[in-house]
Structure formats: structure tokens, C-alpha cells
Amino acid sequence: MALESRITQEEIKKEPEKPIDREKTCPLLLRVFTTNSGRHHRPDEFARGNVPSSELQIYTWMDATLKELTGLVKEVYPEARKKGTHFSFAIVFPDPRAKAYRLKDIGSTVSGRKGADDSMTLQSQRFQIGDYLDIAITPPNRAPPLTTRMRPF
């Protein structure tokens, strides 16, 4: 007799995250790549051990929110501090079947405004240690580009 799981995506998302004690838990090294063009890096820019040159290295925890990461990026890039600057986040991860990297859009924030994705964490988006984070920064005077990429999951 075969048993079938009937767990829906909503039930998975409702699963509470385990709180991380930042005093007792060692932070991870998050390798962040940014662009000021409003578009994410192409997946082939991460191929064969290469990475884009615009790297930030941030020590953080899996419960870091997109708003928290936005604040850390703004500390390094003063031009990104302007109110209305749009930050689009994507996880870059290796796809073992294709032997290439893939991008998964995970959310966005806007400097100076509250948004639905502000409290989203790396952990909630299934970020794994070793993945990269790609942030497309769009200045406030330009609208963020519409994405045609479908979310893989």
C-alpha cells in the first residue's frame, strides 16, 4: 500500500523558523554580488569558478532579513542610500543536473519604504551555505526592469 503526502506549499511556508541565537551561533560568510544596472548578473558569469568583480563579503546569519541586508549594502554604496532606490534579490546556486548556476528571485526592498518582502529571511527562501546572493540595484529615477524569468520553485 502506497502512502501519498498531501502537504501543500502553504503548509510548508507556515512552518515556523527556528530562532537563531546570534550570541551562540557562528555567522556565515555571505558572498554578495551587486549591479547598478537594475538587472541581475547572468548565470554564466558564475561558471567555471569565475565570479563577477563587484563582490561584497558579509558575515551574517540565516535569519538575516532582506531589509537588514539592504542596510548593509547601503553602508558600502552611498549612492544606494537615496530614498526610492530599488533592491532586487536573487539566490545564485549550482544546478548539479545542468552543471551550471541558476538564479532564483526571492524578493525586493525599496530604500525608505516598507514592503512585503522586508522581513523575508535567507532561511525562509531555502538559502544554503555556499550559495551566492545577487542584488540588482536600481536608482530611484529609473523604474526597475520587469523580469521575464520564472521562479524555479
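Residues numbered from 1 in each chain as written. Predicted model: local features only at pLDDT ≥ 70, side-chain atom pairs only at ≥ 80, totals over all residues. Heavy atoms only, no water.

Chemist: How would you summarise the sheet that holds strand 5 (residues 132-138) if you had to cite specific residues and measurements?
Modeler: Within a sheet, neighbouring strands are paired by backbone hydrogen bonds and run either parallel or antiparallel to one another. Across the sheet, which stays open at both edges, the five strands sit in the order 2-1-5-3-4 with mixed pairing between neighbours. Lying at the two open borders of the sheet, with one neighbouring strand each, are strand 2 (55-60) and strand 4 (100-110). Neighbour to neighbour, the strand axes of the sheet diverge by 30° on average, direction disregarded. Examined bridge by bridge, strand 3 (residues 86-95) and strand 5 share seven bridges and lie antiparallel to one another. Bridging across to strand 5, A90 finds its partner in D134. Where helix 2 (residues 66-76) meets the sheet, it contacts strand 1 (28-35), strand 2, strand 3, strand 4 and strand 5, and its direction lies at approximately 90° from that of strand 4. (Pairing = 2+ DSSP bridges. Helix = DSSP H or I, 4+ residues; strand = E, 2+ residues; numbered from the N terminus. Axes fitted to C-alpha atoms, helices over the stretch in contact; angles between N-to-C directions. Contact = heavy atoms within 4.5 Å.)

Chemist: Go over the pairing of strand 1 with me, naming the residues and quoting the values.
Modeler: With respect to burial, strand 1 is a largely interior element, six of its eight residues being buried. Strand direction decides the pairing type here: strand 1 and strand 2, joined by six bridges, are antiparallel. Paired with L30 across the bridge in strand 2 is I58. (Buried < 20%, exposed > 50% of the residue type's maximum accessible area, 1.4 Å probe, protein only.)

Chemist: Before we move on, can you summarise unusual backbone geometry with the specific residues and values?
Modeler: The phi dihedral of R48 falls on the positive side, at around 50°, and the residue is not glycine. Mapping R48 onto the fold places it in the loop between strand 1 and strand 2. The phi angle at K99 is positive, at roughly 50°, despite the residue not being glycine. Mapped onto the elements of the fold, K99 is located in the loop between strand 3 and strand 4. You can call K99 exposed: its relative accessible area is 78%.

Chemist: Go over the pattern of salt bridges, please, and point to the residues and values.
Modeler: Note that side chains of opposite charge can pair when their charged atoms are close. Throughout the structure, instances matching the rule amount to eight salt bridges. R22 is paired through a salt bridge with D63; the nearest N and O atoms lie 2.8 Å apart. Pair noted here: R22 is in the loop between helix 1 (9-14) and strand 1 and D63 is in the loop between strand 2 and helix 2, with a separation of 41 residues, a long-range link. Judged by relative accessible area, which is 29%, R22 ranks as partly exposed. With a closest N to O distance of 2.5 Å, R102 and D95 form a salt bridge. Assessed through its relative accessible area of 39%, R102 is described here as partly exposed. D95 gets classed as buried once you look at its relative accessible area, which sits at 5%. One salt-bridge network, in which partners are shared between bridges, spans R22, D63 and E68. (Salt bridge = Lys/Arg side-chain N within 4 Å of Asp/Glu carboxyl O.)

Chemist: Give me the packing of aromatic side chains: which residues, what numbers.
Modeler: What characterises a pair of aromatic rings is the spacing of the ring centres plus the angle enclosed by the ring planes. Summed over the entire model, instances satisfying the criterion amount to five aromatic pairs. Centre to centre, the rings of F33 and Y132 are 5.3 Å apart; their planes meet at 80°, and the pair counts as edge-to-face. A residue pair is termed long-range when its members are at least 10 positions apart, and F33 in strand 1 and Y132 in strand 5 qualify at 99 residues. Residue Y132 is classed as buried on the basis of its relative accessible area, which comes to 11%. Ring centres of Y101 and Y132 lie 6.0 Å apart, and the angle between their planes is 20°; on these two criteria the pair is classed as stacked. On the criterion of sequence distance, the pair formed by Y101 in strand 4 and Y132 in strand 5 is long-range, its members being 31 residues apart. (Phe/Tyr/Trp six-rings, centres within 6.5 Å; stacked < 30°, edge-to-face > 60°.)

Chemist: Go over the nonpolar core with me, naming the residues and quoting the values.
Modeler: Membership of the largest hydrophobic core comes to 23 residues, with the highest contact counts inside it found for L30, F89, L133 and I135. Elements that contribute at least two residues to this core include exactly strand 1, strand 2, helix 2, strand 3 and strand 5. The element best represented in this core is strand 3, accounting for four residues. Once residues lying within four places of it in the same chain are set aside, the contact partners of L133 are L30, R31, V32, F33, L69, F89, A90, I91, I106 and L122. Listed in part, the six residues of the second largest apolar core include F33, A90, V92 and Y132. (Core = buried A, V, L, I, M, F, W, Y, C linked by side-chain atoms within 4.5 Å.)

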